Each structure stands twice: as structure tokens, then as C-alpha cells.
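# What the coordinates show
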Amino acid sequence: MTHLWVRAEQRPNEERVGLTPEGAAALVKAGIRVTVERSSVRAIPLDGYITAGCEIADENLWPKAPADAIIFGLKELPEDGTPLTHRHIMFGHAYKGQPAGQILLRRFKAGGGTLYDLEYLVDTTGRRVAAFGYWAGYAGAAVSLKCWAAQQRGGIAGPVSKYPGKDALLADLARDLGGPARPRAIIIGAKGRVGTGAADLCAAMGVETTLWDMAETASGGPFPEVLQHEIFLNCILARPGCPVFVPASAKTDARKLTVIGDIACDPTSDFSPIKVYDRVTEWGEPALRVADNPPLDVTAIDNLPSMLPVESSEDYAAQLLPSLVTLTDLGAGVWGRAKAEFETHTAGM
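I will try to describe carefully the structure that is included in this document.

### Digging into the pattern of salt bridges
Overall, the coordinates contain 15 salt bridges when judged by the stated rule. Here the residues in one salt-bridge network are Lys-146, Asp-172, Arg-175 and Asp-176, joined through shared partners.

Next up, the structure:
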């Protein structure tokens with residue numbers, strides 16, 4: 001019997017989950033054994049999983065799960081260097097040259113396990129079958145506006161936190177922005193899931209936006225228009241051949257730009273289109289100041305949807321469920337393609 005083990009997330013400020021109780025009930029009905037770890041932080045209560053027929057395990061017990069269990073989580077595993085023996089479904093952030101990702105892949109290689117990277121679960125056309133993109137865009141645009149509002153007060157953005165829902169986020173952001181003054185924003189990747197979420201947040205807050213997608217960036221750059229907006233929101237995944245949207249010279253170039261929201265958030269990738277920073281930012285310090293006079297702050301939080309953990313979990317889980325139901329045949333479909341991707345990136349290790 002196929003056994004899916006839903007682990008507790010161990011990263012700070014991570015309350016999302018990729019399977020709801022309703023989805024768990026559907027898997028159990030399909031003949032899949034489901035174990036759910038207890039979690040002190042998960043946004044969705046455990047009671048629903050019990051009612052759905054799931055087995056319950058202690059928090060962070062996944063290293064001792066049966067050898068044939070498929071471990072399912074979202075964010076990073078503890079960086080303890082231990083070999084990984086299980087099959088894991090998670091966001092690995094390992095296929096674009098990221099240093100931490102290479103360490104992760106070596107752990108899989110050492111333990112004989114397999115990574116089924118959630119970012120690389122794609123259909124036959126190459127489109128991802130599930131993504132947190134909309135809520136990443138929504139929350140990322142909100143944090144970027146918070147950074148701009150803090151600049152207007154002569155400071156830098158303070159800590160951000162989760163919200164019970166988007167209405168609470170919008171109300172808090174309105175208080176931050178205060179009066180009617182608003183920046184202008186440019187969104188690159190505006191037609192995708194991330195860009196749509198960012199544009200919806202901007203529209204809700206009365207922010208004028210310039211919407212760019214593939215056609216507007218086809219020239220390969222440079223793109224001086226980016227520097228003529230107060231806020232730039234990057235909503236595209238970095239891939240080989242990605243043009244540079246913000247060169248290193250932007251720190252000293254004449255510009256109106258004062259906030260970069262790198263919602264795609266892949267600064268250590270070889271293909272990052274933003275060259276003024278080199279590390280992610282955290283909930284406690286969401287803004288990294290990379291230039292002064294005028295200020296230029298970069299915000300690049302890599303688990304933005306956790307600011308709205310219930311809505312983002314429910315949305316993502318609904319998208320992913322049809323693929324989870326097919327876990328009984330890991331050699332085919334989205335799972336077969338994800339395994340092939342893993343094997344390509346671990347060949348020769």
C-alpha cells in the first residue's frame with residue numbers, strides 16, 4: 001500500500017501544509033495510507049485529519065518513518081548533513097546551482113533517497129501542476145508596500161507576521177500607508193500566478209501599476225523603465241537565459257526606484273535577474289538596504305504565502321490533490337518526470 005507521511009514543518013514562520021483534511025480523506029478513500037505528524041504550528045488543526053482517517057505520529061518523527069513511506073513537506077529539512085533514505089516530496093531549491101541545494105542533493109545521493117521537487121511537478125506541456133504563486137505575489141506586494149511606507153517615515157521596514165486572512169492584511173497595510181499618497185509599481189511576470197496576485201494586491205491598495213510580461217522583456221534589456229518606478233516586483237522564476245532586470249549599477253544610477261520586491265526570491269541562483277543583492281531576507285528583518293541617497297531596499301522572503309497560511313494552504317492543496325491521488329504509480333506522469341529531473345541533477349555526484 002502506498003504510504004504518504006505528512007511531516008511537520010520545522011522552519012520558523014512556516015505554518016502551511018500541502019494536504020488538507022478533505023484531501024486526506026480523498027487519498028484514504030483511494031486506498032492510500034496517510035500519516036500526519038502532530039505540529040505545534042500548522043495552521044490547519046489536527047482534528048480534521050483524524051476524522052479523515054489519517055494515522056497520527058509525533059512531531060518530527062519522519063526520519064524514523066517506514067522505509068517505504070513517502071515523506072511530504074513543503075520547506076527545507078534540518079541542515080544536519082544526515083543521509084536521506086526516504087523518497088521526499090518538497091521544495092528542494094536545488095536545480096539552479098544553489099549551494100545549499102547541492103548539499104541537499106548529496107544527502108539524497110548518500111542515503112539512496114529520491115527528491116520529487118514540488119517546483120518540478122509539471123504536466124506534459126511543462127506547466128507546474130500546483131503553485132503557491134498567487135498568494136506569494138499577494139503577500140510579496142504587501143511587504144514591498146510596507147517597505148515603501150517605512151521609507152516615507154524615514155526608516156526601514158520592521159518585522160512582518162502572519163494574518164488570519166487577506167482582509168486583516170489589507171487593513172493593516174492601509175494603516176501603514178496612511179494618507180492617499182501611493183508609489184508607482186512595475187510588475188514583471190504580470191500574466192503569471194505570482195504577477196496576478198501582486199497586481200490584485202496593488203489594485204486593492206490603489207497603487208498604479210505597469211504590467212510587463214514576456215513581450216515587454218523580449219529584447220533582453222537593458223530596461224531603464226524599471227528604475228523609473230518607485231517599486232519593482234519581480235514575479236518570474238529565474239531560468240537559463242533570463243535577462244537582467246536590475247543591474248548592479250542601479251545602486252548608483254539615477255532612479256526613482258527605492259524598493260525591489262523579489263517575490264521569485266532566488267538570489268543565489270546563477271540566473272537571478274536582480275544583481276544588487278545576494279541573500280534572502282527574513283520575517284524579522286524583511287528589508288535589506290543596498291544603497292542610500294535615495295534608499296534602495298530589497299525584500300526577498302522565500303516563504304511569503306505563510307503570511308496567509310490558511311488561504312494559501314487550501315489553494316495549493318486543491319491544485320496538488322489530483323497528482324497526489326496518482327502516487328500509487330510513481331513511475332508515470334508528474335512523478336516520473338520529477339524523478340527524471342532528480343536523476344539528471346544527481347548524475348555524476
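### Quick word on empty space enclosed by the protein
Enumeration according to the criterion identifies 3 cavities of 30 Å³ or more in this entry. Reported here for the largest cavity is a volume of approximately 60 Å³. The wall of the largest cavity is formed by Val-6, Arg-7, Glu-9, Glu-14, Arg-16, Val-17, Gly-18, Ser-39, Val-41, Arg-42, Phe-72 and Gly-73. Split by residue class, the lining of the largest cavity holds 4 nonpolar, 3 polar and 5 charged.

### Quick word on the layout of surface pockets
Quantified by volume, the largest pocket comes out at close to 1100 Å³. Of all elements in the fold, only α4 (133–152), α6 (193–204) and α7 (214–217) reach the threshold of two or more residues within the lining of the largest pocket. Partitioning the lining of the largest pocket into residue classes produces 21 nonpolar, 9 polar and 12 charged. Of the voids in this model, the second largest pocket is the one considered here, and its volume is about 520 Å³. Every residue lining the second largest pocket is counted, 24 residues in all, and those nearest its centre are Glu-76, Glu-79, His-93, Ala-100 and Gly-101. Per element, the largest residue contribution to the lining of the second largest pocket is 6 residues, and it comes from helix α3 (residues 99–111).

### Some details on the packing of α4 against α6
As a packed pair, α4 and α6 sit with axes 6 Å apart at the nearest point and diverge in direction by 45 degrees. By the criterion of interaxial angle, the relationship of α4 to α6 is oblique. Along this stretch, α4 crosses α6, giving a crossing that reads as right-handed. Contacts between α4 and α6 involve Gly-133, Tyr-134, Gly-137, Tyr-138, Ala-141, Ala-142 and Leu-145 from the first element and Arg-193, Val-194, Thr-196, Gly-197, Ala-198, Asp-200, Leu-201 and Cys-202 from the second. Here the contact of α4 with α6 is composed, by residue class, of 9 nonpolar, 4 polar and 2 charged.

### Regarding helix α1 (residues 21–29)
Listed as buried for α1 are Pro-21, Gly-23, Ala-24 and Leu-27. Down the axis of α1, the buried set is contained in an arc of 155 degrees. They therefore lie on one face. For α1, exposure combined with an orientation more than 90 degrees from the buried face picks out Glu-22 and Lys-29. Turning to α1, the residues buried within the fold contact β1 (3–6), β2 (33–37), α2 (47–51) and α8 (309–324).

### Brief notes about the sheet that holds strand β8 (residues 208–212)
Taken in spatial order, the 6 strands make up an open sheet running β8-β7-β9-β10-β12-β11, and their pairing is mixed. Whereas interior strands pair on both sides, the edge strands pair on one side only; in this sheet they are β8 and β11 (288–291). Each neighbouring strand pair of the sheet contributes to a mean axis angle of 20 degrees, computed without reference to strand direction. Note that strand β9 (residues 231–234) and strand β10 (residues 259–262) share 4 bridges and pair parallel. The residue bridging Phe-232 from the neighbouring strand is Ile-260, located in β10. Seen against the sheet, α6 touches β7 (184–188), β8 and β9 and runs at an angle of roughly 165 degrees to β7.

### Points about the nonpolar core
Counting residues in hydrophobic clusters, the biggest one holds 40 residues, and the most contacted among them are Leu-145, Leu-169, Leu-201, Met-205, Leu-233, Ile-263 and Met-307. Those elements that place two or more of their residues in this core are α4, α5 (166–177), β7, α6 and β9. Considering every element that reaches this core, the biggest residue donor is α4, with 12 residues. Beyond its immediate chain neighbours, meaning those up to four positions away, Ile-263 contacts Ala-136, Gly-137, Gly-140, Ala-141, Val-194, Ala-198, Leu-233, Asn-234, Cys-235 and Leu-304. In terms of nonpolar packing, the next biggest core, distinct from the first, is built from 33 residues, Phe-72, Leu-118, Leu-121 and Leu-330 among them.

What counts, and where the lines are drawn
- Residues numbered from 1 in each chain as written.
- Predicted model: local features only at pLDDT ≥ 70, side-chain atom pairs only at ≥ 80, totals over all residues.
- Heavy atoms only, no water.
- Salt bridge = Lys/Arg side-chain N within 4 Å of Asp/Glu carboxyl O.
- 1 Å grid on protein atoms, 1.4 Å probe; cavity = no way out; pocket = protein on both sides within 12 Å on 5 of 7 lines; lining within 4 Å.
- Points joined across faces, edges and corners; volume = space filled by probe spheres on them.
- Nonpolar A, V, L, I, M, F, W, Y, C, P; charged D, E, K, R; others polar.
- Helix = DSSP H or I, 4+ residues; strand = E, 2+ residues; numbered from the N terminus.
- Axes fitted to C-alpha atoms, helices over the stretch in contact; angles between N-to-C directions.
- Parallel < 35°, antiparallel > 145°, perpendicular 65-115°, else oblique.
- Left-handed = near helix turned anticlockwise from the far one by under 90°.
- Contact = heavy atoms within 4.5 Å.
- Buried < 20%, exposed > 50% of the residue type's maximum accessible area, 1.4 Å probe, protein only.
- Arc of directions from axis to C-beta.
- Pairing = 2+ DSSP bridges.
- Core = buried A, V, L, I, M, F, W, Y, C linked by side-chain atoms within 4.5 Å.

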